[in-house]
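# Structure assessment
Residue strings, one per chain:
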Amino acid sequence: MGTVKEERDLYRDTWVRFLGYANEVGESFRALVPVSLVWASYGIATAYVTADAIDKGKKASTSHGDEPGKTGRVTVAVVDTFIWQSLASVAIPGFTINRICAASLYLLARMTRWPVPVRKWTTTAVGLSAIPVIIKPIDRSVDFLLDSTLRKIYNVGGKKRN
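Below or above, wherever it landed, is the structure these notes cover.

Procedures and definitions
Residues numbered from 1 in each chain as written. Predicted model: local features only at pLDDT ≥ 70, side-chain atom pairs only at ≥ 80, totals over all residues. Heavy atoms only, no water. 1 Å grid on protein atoms, 1.4 Å probe; cavity = no way out; pocket = protein on both sides within 12 Å on 5 of 7 lines; lining within 4 Å. Points joined across faces, edges and corners; volume = space filled by probe spheres on them. Helix = DSSP H or I, 4+ residues; strand = E, 2+ residues; numbered from the N terminus. Nonpolar A, V, L, I, M, F, W, Y, C, P; charged D, E, K, R; others polar. Core = buried A, V, L, I, M, F, W, Y, C linked by side-chain atoms within 4.5 Å. Buried < 20%, exposed > 50% of the residue type's maximum accessible area, 1.4 Å probe, protein only. Contact = heavy atoms within 4.5 Å. Axes fitted to C-alpha atoms, helices over the stretch in contact; angles between N-to-C directions. Left-handed = near helix turned anticlockwise from the far one by under 90°. Expected span 1.5 Å × (residues − 1). Parallel < 35°, antiparallel > 145°, perpendicular 65-115°, else oblique. Salt bridge = Lys/Arg side-chain N within 4 Å of Asp/Glu carboxyl O.

## With respect to empty space enclosed by the protein
Considering all chains together, one arrives at 1 cavity of 30 Å³ or more under this definition. Quantified by volume, the largest cavity comes out at close to 30 Å³. Looking at the largest cavity, the residues that line it are Tyr21, Glu24, Ala88, Pro93, Ile134, Ile135 and Ile138. Contributing elements (two or more residues each) for the lining of the largest cavity: α3 (70–111) and α4 (116–148). For the lining of the largest cavity, the element with the highest residue contribution is α4, accounting for 3 residues. For the lining of the largest cavity, a count of residues per class yields 6 nonpolar, no polar and 1 charged.

## Regarding the nonpolar core
Counting residues in each nonpolar core, the largest one holds 12 residues, listed as Tyr21, Trp84, Ala88, Ile97, Cys101, Ala130, Ile131, Ile134, Ile135, Ile138, Val142 and Leu146. Elements that contribute at least two residues to this core include exactly α3 and α4. No other element matches the 7 residues that α4 contributes to this core. Look past the residues within four positions of Ile131 in its chain and what remains in contact with it is Glu24, Val25, Ser28 and Ile97. Listed in part, the 8 residues of the second largest apolar core include Tyr11, Val16, Tyr42 and Val49.

## Details of the side chain of Gln85
As for its placement among the helices and strands, Gln85 is situated in helix α3. The residues touching Gln85, leaving out its near neighbours within four places in the chain, are Arg12, Arg17, Tyr48, Val49, Asp52 and Val90.

## Here we look at the environment of Thr123
Residue position: Thr123 is located in helix α4. The spacing of Thr123 and Ser104 is 19 residues in sequence and 5.7 Å in space, taken between C-alpha atoms. Setting aside anything within four residues of it in sequence, one finds Thr123 in contact with Ser28, Cys101, Ser104, Leu105 and Leu108.

## What about the packing of α3 against α4?
Look at α3 against α4: their axes get within 7 Å of each other, and the N-to-C directions meet at 145°. In the packing of α3 onto α4, the handedness of the crossing is right-handed. Taken together, the residues of the contact of α3 with α4 break down into 20 nonpolar, 5 polar and 5 charged.

## With respect to the layout of surface pockets
A volume near 190 Å³ is recorded for the largest pocket. Around the largest pocket sit Glu7, Asp9, Lys56, Lys59, Ala60 and Ser63, which together line it. Its residues assigned to classes, the lining of the largest pocket shows 1 nonpolar, 1 polar and 4 charged.

## With respect to helix α2 (residues 35–64)
Between its first and last C-alpha atoms α2 spans 44 Å; for 30 residues at 1.5 Å apiece the expected length is 44 Å, and the two agree. Following α2 by one or two positions, Gly65 adopts a phi angle in the positive range, close to 50°.

## Re the packing of α2 against α3
It is at 8 Å that the axes of α2 and α3 come closest, and there the two elements cross at 155°. Judged on the interaxial angle alone, α3 and α2 are roughly antiparallel. Of the two elements, α2 crosses α3, and the hand of that crossing is right-handed.

## Things to note about the pattern of salt bridges
If you walk through the whole model with that rule in mind, you get 11 salt bridges. One salt bridge in this structure joins Asp52 and Arg12, with 2.9 Å as the shortest N-O distance. Linking Asp52 in helix α2 with Arg12 in the segment before α1 (22–28), this pair joins segments that are 40 residues apart in sequence. Judged by relative accessible area, Asp52 falls into the buried class, the value being 0%. For Arg12, a relative accessible area of 17% gives the class buried. Of the charged contacts in the structure, one is a salt bridge between Lys56 and Asp55, with a shortest N-O distance of 3.0 Å. Of the two residues examined, Lys56 and Asp55, each falls in the buried class. Taken together, the shared-partner salt bridges connect Asp9, Arg12, Asp52, Asp55, Lys56 and Lys59 into one network.

Structure (structure tokens):
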């Protein structure tokens, strides 16, 4: 009963995956830290996205050897990964956490008499606690979006992430 052991993906199956969430953490802390730290968190997340796309390109290159069309397949692997990760790990979750935190801070200011530091820390806690809730729906939505658009163009429909 020999089973083939699947290779662990450094960017999806290890702690490195959490670097993709850096901007959501940065957005959660926006009320408490200088905006330059929030932007730095986007830099970390973008570096993660880029490294994952390059890694998928290298893997596609290795798996296709010297087959005809190799360059196209490698390009598709890099572009698909970069677009998927950019949307699912950076843009959509960053915007979502930003709006959740902004709404939280606004509502706490309007509905409570809590001191400003308490409202800011509460907003941060709300943002951090929203991260695990938003991840799967965003991932699935981006899968649907790409399956319905770009993946039809380059013929890799049904390709799933995570």
